[in-house]
Amino acid sequence: MNSETSFFQLRSFFEKPVCQKAAEPLKDGAELAIQVGDEAPFSLFKQRGQLTLVPTAPTSPDMTFVLGGEIPTLLNQLGSNEIAEMGISIFNWMLEKDNNKRISAKVHADSFSILRKGYFGVLAQGGLPVMQYLATKGLGNLGKLKSTLAKMRR
């Protein structure tokens, strides 16, 4: 898959109403780097209440998500309009062993910035199913989530 194809697939995914709804808690100015394999990263940011993906590298991302080559296609194949189902699928890909189907994350911002910009609110949008899923992975409370984020900081 080439960079242009990855970009259009990701943009299509992030423009879905379910993604826009999931991102409602994010504050304007939240910025993520989205990188597919070894391609140059794209910028995903919240501006004027909308998630927007642009084909340029971010200036100061809060986090970087590195996606395996199959992830843009897999994201678009998710048939659900439920935030919880999508969130659990994404977490499963974060645990995937196959690098082509794996999502990894690097946190660049401190915990206070992550909290202030609304990232934990996005997690809460998944509701009880996501919280139960995280609990089965040993991440059942805010302290454990913050500790995991600290380990991901680079």
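Okay, so let's go over this structure. (Residues numbered from 1 in each chain as written. Predicted model: local features only at pLDDT ≥ 70, side-chain atom pairs only at ≥ 80, totals over all residues. Heavy atoms only, no water.)

**Brief notes about the sheet that holds strand 4 (residues 63-67)**
Moving on, step 1. Reading across the sheet, the five strands line up as 3-2-1-4-5 and stay open at both edges, with mixed pairing between neighbours. Looking at the sheet topology across the chains shown, the edges are occupied by strand 3 (50-54) and strand 5 (103-107). Strand-to-strand, the axes of this sheet are offset by a mean angle of 20 degrees, without reference to chain direction.
Moving on, step 2. Two strands pair when backbone bridges link them, and strand 1 (residues 31-36) and strand 4 are joined in this way by five bridges, in the parallel orientation. Residue pairing in the sheet places glutamine 35 in a bridge with valine 66 of strand 4. (Pairing = 2+ DSSP bridges. Helix = DSSP H or I, 4+ residues; strand = E, 2+ residues; numbered from the N terminus. Axes fitted to C-alpha atoms, helices over the stretch in contact; angles between N-to-C directions.)

**Remarks on the pattern of salt bridges**
Moving on, step 1. With the rule as written, the count across this model stands at three salt bridges.
Moving on, step 2. Close ionic contact of glutamate 24 with lysine 21 constitutes a salt bridge, the shortest N to O distance being 3.6 Å.
Moving on, step 3. The partner of lysine 117 in a salt bridge is aspartate 62, with the nearest N and O atoms 2.7 Å apart. Of this pair, lysine 117 sits in the loop between helix 5 (111-116) and helix 6 (119-125) while aspartate 62 sits in the loop between strand 3 and strand 4; the two residues are 55 residues apart in sequence, bridging distant segments of the chain. (Salt bridge = Lys/Arg side-chain N within 4 Å of Asp/Glu carboxyl O.)

**A few points about the packing of helix 4 (residues 83-95) against helix 7 (residues 127-136)**
Helix-helix packing: each pair is described by the crossing angle between the helix axes and the interaxial distance.
Moving on, step 1. In the contact formed by helix 4 and helix 7, the axes pass within 8 Å of each other and the chain directions differ by 20 degrees. Here helix 4 is positioned roughly parallel relative to helix 7, judged by the angle of their axes. Crossing of helix 4 over helix 7 shows right-handed handedness. Counting all contacts with helix 4, which are made through Ala84, Ile88, Phe91, Asn92 and Leu95, the residues of helix 7 involved are Pro129, Val130, Tyr133 and Leu134.
Moving on, step 2. Taken together, the residues of the contact of helix 4 with helix 7 break down into eight nonpolar, one polar and no charged. (Parallel < 35°, antiparallel > 145°, perpendicular 65-115°, else oblique. Left-handed = near helix turned anticlockwise from the far one by under 90°. Contact = heavy atoms within 4.5 Å. Nonpolar A, V, L, I, M, F, W, Y, C, P; charged D, E, K, R; others polar.)

**Focus on the pairing of strand 3**
Moving on, step 1. Because side chains alternate across strand 3, one face comprises the buried residues Leu51 and Leu53, and the other comprises Gln50, Thr52 and Val54, none of which is buried.
Moving on, step 2. Here strand 2 (residues 42-47) hands over to strand 3 after two residues, with arginine 48 in that stretch at a positive phi of 50 degrees. (Buried < 20%, exposed > 50% of the residue type's maximum accessible area, 1.4 Å probe, protein only.)

**Regarding the packing of aromatic side chains**
Moving on, step 1. For the coordinates displayed, the defined rule picks out four aromatic pairs.
Moving on, step 2. Judged by centre distance (5.4 Å) and plane angle (65 degrees), the ring pair of phenylalanine 7 and phenylalanine 42 falls under edge-to-face. Of this pair, phenylalanine 7 sits in helix 1 (residues 3-14) while phenylalanine 42 sits in strand 2, and the two are 35 residues apart along the sequence.
Moving on, step 3. A relative accessible area of 7% places phenylalanine 7 in the buried class.
Moving on, step 4. Relative to tyrosine 133, the ring of phenylalanine 91 lies with its centre 6.1 Å away and its plane at 20 degrees, an arrangement referred to as stacked. A residue pair is termed long-range when its members are at least 10 positions apart, and phenylalanine 91 in helix 4 and tyrosine 133 in helix 7 qualify at 42 residues.
Moving on, step 5. Classification of phenylalanine 91 by relative accessible area gives partly exposed; the value is 22%.
Moving on, step 6. Of the residues examined, tyrosine 133 reaches a relative accessible area of 12% and is grouped as buried. (Phe/Tyr/Trp six-rings, centres within 6.5 Å; stacked < 30°, edge-to-face > 60°.)

Remember that the coordinates give geometry; whether it matters functionally is a separate question.
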